[in-house]
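Structural features, examined
So you can see what is in the structure, the chains are spelled out below.
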Amino acid sequence: MKDAGFTAGIDGCRGLDHGAWSPLLYMYPKADIPVVQISVQPASGPRHHVEVGRSLKKLSEEGVLIIGSGHMTHNLRDWSRGAGKPEPYAREFQQWVKERLEARDVDSPVDYRARSPHGARAHPTDEHFLPLFFALGAAAETARAERVYDAIDSGVLAMDAYVFN
């Protein structure tokens, strides 16, 4: 990160955020792997997070697993009012992201609020979508995006999972 012009520090008082430990609980239930969590910086936007991911690409090339754990859609206001069936806007946004990732299009997702259907409704705030951009930046330019999980919880929380190979 330092070579790319980013500063970083360790906060020894803070444990892992639920966005980190919840998937790791299922992937590594014995908690027998080292984990470094990188905090999202919502004020810096998606492009910043792609660049941070790119600064970590060398780690990925060395076999370090980089996980961007968030939500494909995250609108808790709609969740509290929802009936549980998938909302059309969540499906449309989910499909739009899938198509962009499969096309290896980084610029459109970075500008998702202006370019996507329902971007602002899918994410009233950026923080739950930003982890995708770390992973997208860390993936090789030739990596293929493969959706390995596709579900919408409570009608509005898309829980997609992608692997970049």
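Rules behind the numbers
Residues numbered from 1 in each chain as written. Predicted model: local features only at pLDDT ≥ 70, side-chain atom pairs only at ≥ 80, totals over all residues. Heavy atoms only, no water. Helix = DSSP H or I, 4+ residues; strand = E, 2+ residues; numbered from the N terminus. Rg over C-alpha atoms; globule rule 2.2 N^0.38 Å. Buried < 20%, exposed > 50% of the residue type's maximum accessible area, 1.4 Å probe, protein only. Salt bridge = Lys/Arg side-chain N within 4 Å of Asp/Glu carboxyl O. Contact = heavy atoms within 4.5 Å. 1 Å grid on protein atoms, 1.4 Å probe; cavity = no way out; pocket = protein on both sides within 12 Å on 5 of 7 lines; lining within 4 Å. Points joined across faces, edges and corners; volume = space filled by probe spheres on them. Nonpolar A, V, L, I, M, F, W, Y, C, P; charged D, E, K, R; others polar. Polar contact = N/O pair within 3.5 Å; in protein donor to acceptor, adjacent residues only side chain to side chain.

**What to know about the overall build of the chain**
In terms of regular secondary structure, the chain is built from nine helices and four strands. Since a compact globule built from 165 residues should have a radius of gyration of about 15 Å, the 16 Å found for the chain is in line with a globular shape. Considered along the principal axes of its C-alpha atoms, the chain spans approximately 45 × 35 × 30 Å. In the chain, which comprises 165 residues, the proportion classed as buried is 35%.

**Quick look at the pattern of salt bridges**
Counting across every chain of the model gives 14 salt bridges. A salt bridge links glutamate 146 to arginine 144; the nearest nitrogen and oxygen atoms lie 3.8 Å apart. We classify arginine 144 as partly exposed; its relative accessible area is 46%. Salt bridges here are not isolated pairs; linked through shared partners, they connect Arg91, Arg147, Asp150 and Asp160.

**Quick word on helix α2 (residues 45-55)**
By the criterion of burial, α2 is predominantly enclosed, with eight of the eleven residues buried. The set of residues buried in α2 consists of Gly45, Pro46, His48, His49, Val50, Val52, Gly53 and Ser55. Those residues of α2 hidden inside the fold are in contact with α3 (57-61), α6 (107-110), α7 (112-115) and α9 (130-138).

**Digging into the environment of serine 108**
Its place among the elements puts serine 108 in helix α6. Residues contacting serine 108, with those up to four places away along its chain left out, are Trp96, Arg100 and Arg115.

**Focus: the layout of surface pockets**
Approximately 180 Å³ is the volume found for the second largest pocket. Secondary structure elements with two or more residues in the lining of the second largest pocket: α2 and α9. Taken together, the residues of the lining of the second largest pocket break down into nine nonpolar, one polar and four charged.

**Notes on the side chain of histidine 74**
Here histidine 74 is to be found in the loop between α3 and α4 (76-81). At 3.3 Å, the side chain of histidine 74 forms a polar contact with the side chain of histidine 128. Among all residues touching histidine 74, those that are not within four sequence positions of it are Ala122, His123, Pro124, His128, Val156 and Leu157.

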